[in-house]
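Here is what each chain is made of, one letter per residue.
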Amino acid sequence: MIASGRTVTVRVPATTANLGPGFDTLGLALALYDELTVTVRDEPGAFVEVHGVGEGEVPTDETNLVVRSIAHTFAAYGQEMPGLDLVARNVIPHGRGLGSSGAAIASGVVAAQALLEGVVEIDGLGLLARATELEGHPDNVAPALFGGLTIAWTTPEGPRYKKLNVHRGVSPLVLVPGHTMSTALARSLQPESVPHADAIFNVSRSTLLIASLIQSPELLFEATEDKLHQSYRASAMPETDALIRALRAAGYPAVVSGAGPSILVLCSDPAQRKGATELVEQTAATPWQSLVLAVDIKGATVVLHPDDVTQP
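Residues numbered from 1 in each chain as written. Predicted model: local features only at pLDDT ≥ 70, side-chain atom pairs only at ≥ 80, totals over all residues. Heavy atoms only, no water.

## Here's the deal with helix 10 (residues 270-283)
Each turn of an α-helix holds 3.6 residues, which means side chains three or four residues apart point in the same direction.
(1) Moving on: The first and last C-alpha atoms of helix 10 sit 20 Å apart over 14 residues, in line with the 20 Å expected at 1.5 Å per residue.
(2) Moving on: Among the residues making up helix 10, those that are buried are Gln272, Arg273, Gly275, Ala276, Thr277, Leu279 and Val280.
(3) Moving on: A distance of 3.0 Å separates the backbone nitrogen of alanine 271 from a side-chain oxygen at the start of helix 10, and that oxygen is part of aspartate 269. (Helix = DSSP H or I, 4+ residues; strand = E, 2+ residues; numbered from the N terminus. Expected span 1.5 Å × (residues − 1). Buried < 20%, exposed > 50% of the residue type's maximum accessible area, 1.4 Å probe, protein only. Polar contact = N/O pair within 3.5 Å; in protein donor to acceptor, adjacent residues only side chain to side chain.)

As structure tokens, this is what we get:
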């Protein structure tokens with residue numbers, strides 16, 4: 001039985017997936033965080049108080065994605081979810097390709113793990129499995145849970161991941177437009193099959209991308225080339241496509257962030273990032289918010305008590 005009044009706070013980073021050629025496989029955690037506080041109460045049900053992004057828009061009852069993630073985790077381990085009060089302080093933009101749904105799911109499963117501590121022990125692979133069951137694929141939830149650069153794949157036994165440390169010279173820049181993009185729509189534009197030559201092209205670039213991110217940032221421009229997904233989705237994101245073309249024409253390693261419409265520029269040093277920011281300010285036909293972000297290396301962190309910080 002979980003005591004009424006028990007409180008945990010979870011901090012989860014934004015993520016960017018695909019990174020160009022690593023479609024549905026590669027993800028990167030970014031230092032932009034949503035924070036969730038969950039308190040157990042005597043009364044059944046759940047109520048969510050939302051501040052920041054999504055305030056007045058997302059559900060505040062049991063249908064909220066965070067609540068559903070907590071309930072899913074409890075049910076997966078044969079436990080009944082207690083009554084909960086939740087306070088969400090959101091910063092990650094919604095519908096922009098920065099992993100907001102993955103962050104919500106990750107915060108829910110990690111909060112459930114913390115609440116169930118001493119009742120059921122849930123390890124990292126358990127967290128990844130529960131999150132992937134909800135998200136459908138592990139490329140966003142893996143970096144949200146574990147931080148850094150992650151390679152995610154699935155096996156008959158469930159999803160797996162490998163976390164890698166990113167070279168200190170890698171300097172991410174995220175460009176966020178004012179409009180959103182439906183992930184479902186973006187995925188619907190993908191063909192069921194691609195030319196053999198394009199598949200080989202992406203295998204070479206995705207392996208080069210891993211080497212570039214952990215060892216050789218100077219190769220990031222070539223490493224971020226893609227033939228599997230970005231061109232097929234371009235018609236649904238004309239402003240994104242135009243700005244990526246302008247950035248790449250100037251030598252900047254720009255790609256669609258996740259399903260878009262945000263843009264990720266994987267600069268090889270801070271000076272290159274500054275140049276990319278200036279180019280956007282000078283040439284973009286529509287407004288873009290420039291986010292100068294570090295790579296998050298911790299992933300989701302949990303605060304049980306003021307001085308008790310752990311990570312999954």
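## Considerations on the packing of aromatic side chains
(1) Moving on: Applying the stated criterion to the full structure yields one aromatic pair.
(2) Moving on: With 3.9 Å between their ring centres and 5° between their planes, phenylalanine 146 and tyrosine 161 make a pair best called stacked. In this pair, phenylalanine 146 is assigned in helix 4 (residues 141-146) and tyrosine 161 in strand 6 (residues 158-164), connecting sequence segments 15 residues apart. (Phe/Tyr/Trp six-rings, centres within 6.5 Å; stacked < 30°, edge-to-face > 60°.)

## Topic: the environment of valine 40
(1) Moving on: Looking at the element boundaries, valine 40 is found in strand 2 (residues 26-41).
(2) Moving on: A relative accessible area of 3% means that valine 40 is categorised as buried.
(3) Moving on: Along the chain, valine 40 and aspartate 123 lie 83 residues apart, while their C-alpha atoms are 22 Å from each other.
(4) Moving on: If near-sequence neighbours (up to four positions away) are discounted, valine 40 is found in contact with Ile2, Ala3, Ser4, Gly5, Arg6, Pro82, Gly83, Leu84 and Leu115. (Contact = heavy atoms within 4.5 Å.)

## A few points about the sheet that holds strand 9 (residues 263-267)
(1) Moving on: Ordered in space as 8-9-7-10, the four strands form an open sheet in which the pairing is antiparallel. In the strand order of this sheet, the two ends are held by strand 8 (254-256) and strand 10 (288-292), each with one partner. Strand-to-strand twist of the sheet, defined as the mean angle between neighbouring strand axes without regard to direction, takes the value 25°.
(2) Moving on: As paired strands, strand 7 (residues 171-177) and strand 9 are joined by five bridges and run antiparallel to one another. When the sheet's bridge partners are listed, leucine 175 is paired in strand 9 with isoleucine 263.
(3) Moving on: Against the sheet, helix 10 makes contact with strand 7, strand 9 and strand 10, and its axis sits at roughly 20° relative to strand 7, the strand it touches most. (Pairing = 2+ DSSP bridges. Axes fitted to C-alpha atoms, helices over the stretch in contact; angles between N-to-C directions.)

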